[in-house]
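Residue-level listing of the chains:
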Amino acid sequence: MLHIKEVSKLFNPGTIDEKVALLKADLQLKQGDFVTIIGSNGAGKSTLMNIISGVLKPDIGVVEIDGNDVSSLPEHKRSQWIGRVFQDPMAGTAPRMTIEENLAVAYKRGQSRGFSFGVTKKTKMIFREELSRLGIGLENRMNAKVGLLSGGERQALSLLMATFTRPQILLLDEHTAALDPARAELVTDLTEKIVKDLNLTTLMVTHNMEQAIRLGNRLIMMDKGQIILQVNEDRKSELTVERLLGEFEQISGKKMADDRVVLG
Amino acid sequence: MLTSLLGAVESGLLYALMALGVYITYRVLDFPDLTVDGSFTTGAAIATVLTLNGTPPVLSLICSFIGGALAGLMTGLLHTKGKINGLLSGIIMMIALYSINLRIMGKPNVSLRGEANLFDGANVLLVGLIIAVGVKLLLDLFFKTNVGLSLRATGDNKRMIQSFGANTDRTTIIGVSLSNALVATSGGLIAFSTNQTNNNMGVGMIVIGLASVIIGEAIFGKSSIFRTTLAVVLGAIAYRLIYALALRVPGMDAQDMKLITAIIIVGALVIPTIRSAIQDKSVSRKRAAEVIEKVASKGGVS
Ligand SMILES: Nc1ncnc2c1ncn2[C@@H]1O[C@H](COP(=O)(O)OP(=O)(O)OP(=O)(O)O)[C@@H](O)[C@H]1O
Ligand SMILES: [Mg+2]
């Protein structure tokens, strides 16, 4: 359903600052696949996410969703199929708007936005029900400005906003990295639950090896813009952190260099 | 004295639409739009010339609204499609409008004396109040619609609203157009109330708009949209009152007004900062005293 075909992306091409962020990256996902992505700093993980969502355009290569080439569509057009949660808890919500207003904005994903009211009795009920699924009491604070929420609450809200219109693809770029361990755990659990409930095709970048192994049915490892290892469903269950690090050293000929890596 | 203060409230209400326009760009969209200096005069020029040519004043004023919206549309296009820096887009339009306004008027000064007037037989204070409050309430409603919400989100977190599929170029253009439409309408109202338009009447208008927004928010608060738009309307009146009072200070006259405006803005910007600094200090001092007392009662620092 999602096919990234031999995509390459360079930054500052032809200058001394030239960076190969992606090099013939090829990845094919079936409906419902949950892929975790690991790799050293600057491996191209975020670039891959940006290529899929349309923030960046490939220099060479094509992105297909459901067999349609979407490479030339801008982000706001692609967003009807793609939900995203960013690393920065500030990035996914509008701080000066209330929880219900943020949800109203998310609720209109992929639809035209007209002059009807965003928050009505009917949508409020939907928002309340969805918020209560998070289990952190946000349903009682729907009129609070989002800027007042903690990072973890914001990230949980972002996750809900990214998913509640049932996008076909969910992109998570280290969405728990800025949270303390307890809140990260909470958001991770929510992620697992939502992805399973909605059967979303998901790509998740993480620096937590244990998490990368535990979550999802597939795993890919990236280095220097290339996908250097793909672990599929059948092999994933046998994976351990040691084996994973061993594989990395064997393939890339160096130790995993990642300032944020968490072994589990 | 009383009549001059009443006059200040009156013109404050007419300038309130301009202040609301500036609020939309400066606060909601986070887009510093300088088109205002030009579009204010555009609105006045359109209202005056159309009325002189026999158009009913109300219709002329509606045309001012449309003219302002077109000016804002141009600024919005320059910025979003032309990728020109926001500040620069506004400056370019401001300068372009200077010539366009002269074209509309045909000469630098046009008088409405003896012609039909919007305020014929009406109480300016009452009409001004109805228009200002009406526009304020409509704006509050607009900001709750789906378009309004995405416009606010564009100013609050552009990246987020893009990831939800809103076209931020479009929301920016809508916001800047609406803003300048209100500014131009305000210009039209001022033309009717002063019975004339001159090509320089918009000069410095953006600063007066900012002053109204900042004073309003500082005095009346900004906890919700409803509250803030009310604060902006009251801010526009407050500015006119301060202006009228300053003129009464011996030795001050009209040529000092730009300086006084600058001082008012600095005051409105600095006073809240000082106030919260003092408050913080008193809170931490009180808390420190509590801690000291607690430690003392336990008998020494452990
Ligand atoms: N906008 C940009 N301009 C120039 N170079 C960039 C830009 N974005 C990314 N790069 C470079 O492209 C390479 C890949 O970056 P990317 O952000 O995809 O890495 P990543 O795998 O997400 O790393 P991290 O784990 O640190 O988040 C890096 O070398 C980076 O410096
Ligand atoms: Mg990254």
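Residues numbered from 1 in each chain as written. Chains lettered and ligands numbered in written order. Predicted model: local features only at pLDDT ≥ 70, side-chain atom pairs only at ≥ 80, totals over all residues. Heavy atoms only, no water.

> What is the right way to read empty space enclosed by the protein from this model?
Any space left empty among the atoms is revealed by the rolling of a water-sized probe across them. All names here are of chain A. One pass over the full model with this rule turns up three cavities of 30 Å³ or more. One number sums up the size of the largest cavity: a volume of about 50 Å³. For the lining of the largest cavity, the elements supplying multiple residues, two or more each, are α2 (75–78) and β6 (82–85). The dominant element in the lining of the largest cavity, judged by the number of residues it contributes, is β6, at three residues. Residue classes in the lining of the largest cavity are distributed as one nonpolar, four polar and three charged. (1 Å grid on protein atoms, 1.4 Å probe; cavity = no way out; pocket = protein on both sides within 12 Å on 5 of 7 lines; lining within 4 Å. Points joined across faces, edges and corners; volume = space filled by probe spheres on them. Helix = DSSP H or I, 4+ residues; strand = E, 2+ residues; numbered from the N terminus. Nonpolar A, V, L, I, M, F, W, Y, C, P; charged D, E, K, R; others polar.)

> What is the right way to read the pairing of strand β8 (residues 201–205) of chain A from this model?
Where a strand is regular, its side chains alternate between the two sheet faces. Residue and element names in this part refer to chain A. Among the five residues of β8, five are classified as buried, and the element is accordingly described as predominantly covered. What you see with β8 is no split at all: T201, L203 and V205 on one side and T202 and M204 on the other are buried throughout. Note: strand β3 (residues 34–39) against β8, four bridges, orientation parallel. Across the sheet, V35 pairs through a bridge with L203, a residue of β8. In this structure, strand β7 (residues 169–173) lies alongside β8, joined through five bridges in parallel fashion. Each bridged residue has a counterpart across the sheet, and for L172 the counterpart in β8 is M204. This β-α-β element, β7 to helix α6 (residues 181–198) to β8, shows right-handed connectivity. (Buried < 20%, exposed > 50% of the residue type's maximum accessible area, 1.4 Å probe, protein only. Pairing = 2+ DSSP bridges. Right-handed = clockwise from strand over helix to strand, strands pointing away.)

> Is there a simple way to think about the packing of aromatic side chains in this case?
Given two aromatic rings, their pairing is described by the distance between the two centres and the angle made by the two planes. Summed over all chains, the structure comprises seven aromatic pairs over all chains. Between the aromatic rings of F127 of chain A and F164 of chain A, the centroid separation amounts to 6.1 Å while the plane-to-plane angle is 40°, which identifies the pairing as tilted. On the criterion of sequence distance, the pair formed by F127 of chain A in helix α4 (residues 121–134) and F164 of chain A in the loop between α5 (151–163) and β7 is long-range, its members being 37 residues apart. We classify F164 of chain A as buried; its relative accessible area is 7%. By the ring-pair criterion, three or more aromatic residues cluster together here, those being Y107, F127 and F164 of chain A. Across the ring face of F226 of chain B, the terminal group of K136 of chain B is positioned such that the distance to the ring centre comes to 3.7 Å. The aromatic ring of Y243 of chain B is capped on one face by R240 of chain B, whose charged end is 5.2 Å from the ring centroid. (Phe/Tyr/Trp six-rings, centres within 6.5 Å; stacked < 30°, edge-to-face > 60°. Lys NZ or Arg CZ within 6 Å of the ring centre and 35° of its normal.)

> Would you explain the nonpolar core in this entry?
Most often, soluble globular proteins have nonpolar side chains that are buried together. By size, the foremost hydrophobic cluster in this structure holds 58 residues, and its most contacted members are M18, L20, F40 and F143 of chain B. Listing elements by their share of this core, those giving two or more residues are α1 (2–29), α2 (36–52), α5 (124–142), α6 (146–156), α8 (168–194), α9 (205–220), α10 (225–248) and α11 (257–298) of chain B. For this core, the leading source of residues is α1 of chain B, giving 13 residues. What M18 of chain B contacts, discounting residues up to four positions off in sequence, is V36, F40, L182, V183, S186, M205, I208 and G209 of chain B. By size, the runner-up hydrophobic cluster in this structure holds 38 residues, among which are L103, A156 and L157 of chain A together with A153 of chain B. (Core = buried A, V, L, I, M, F, W, Y, C linked by side-chain atoms within 4.5 Å. Contact = heavy atoms within 4.5 Å.)

> Teacher, can you tell me more about the site of ligand 1 here?
Residues and elements named next belong to chain A. Surrounding ligand 1, one finds 15 residues, the nearest of these being G42, G44, K45, S46 and T47. Contact distances for ligand 1 include 2.8 Å between an oxygen atom and a side-chain N or O atom of K45. Take E174: an N or O atom from its side chain is 3.4 Å from an oxygen atom of ligand 1. For the shell around ligand 1, the secondary structure elements donating two or more residues are β2 (19–29) and α1 (45–53). For the shell around ligand 1, the leading source of residues is α1, giving three residues. Residues that form the shell around ligand 1 fall into these classes: three nonpolar, eight polar and four charged. (Near = heavy atom within 4 Å. Polar contact = N/O pair within 3.5 Å; in protein donor to acceptor, adjacent residues only side chain to side chain.)

> For this particular structure, what's the right way to read the sheet that holds β8 of chain A?
Hydrogen bonds along the backbone pair up the strands of a sheet, which may run parallel or antiparallel. Residues and elements named next belong to chain A. Spatial ordering of the open sheet is given by β6-β7-β8-β3-β9-β10, a layout of six strands whose pairing is mixed. Lying at the two open borders of the sheet, with one neighbouring strand each, are β6 and β10 (226–231). Averaged over all pairs of adjacent strands, the angle between strand axes in this sheet comes to 20°, irrespective of strand direction. The sheet contact formed by β3 and strand β9 (residues 218–223) spans five bridges and is parallel. In the sheet register, G39 faces β9, and the bridge partner there is M222. (Axes fitted to C-alpha atoms, helices over the stretch in contact; angles between N-to-C directions.)

> Where do I start with α8 of chain B in this structure?
Each α-helix turn comprises 3.6 residues. Residues three or four places apart therefore point the same way. All names here are of chain B. For α8, which comprises 27 residues, the first-to-last C-alpha distance of 39 Å matches the rise-based estimate of 39 Å (1.5 Å per residue) to within 8%. The element α8 is largely enclosed, with a buried count of 22 among its 27 residues. For α8, the side-chain oxygen to backbone nitrogen distance between the N-cap and D169 is 3.1 Å, and the N-cap itself is N167. Phi turns positive one or two residues past the end of α8, at N195, with a value near 65°. (Expected span 1.5 Å × (residues − 1).)

> Would you mind going over the pairing of β3 of chain A with me for this structure?
Among the six residues of β3 of chain A, six are classified as buried, and the element is accordingly described as predominantly covered. Side chains of β3 of chain A alternate between two faces, with F34, T36 and I38 of chain A and V35, I37 and G39 of chain A buried alike.

> Looking at this structure, I do not really get the confidence of the model for chain B. What am I missing?
All names here are of chain B. With 99% of its residues at a pLDDT of at least 70, chain B reaches an overall mean of 92. No element of chain B has a lower mean pLDDT than α11, which averages 82, and none a higher one than helix α3 (residues 57–80), which averages 98. Prediction confidence for the complex, expressed as pTM and ipTM, is 0.85 and 0.85 respectively. (pLDDT = per-residue confidence, 0-100.)

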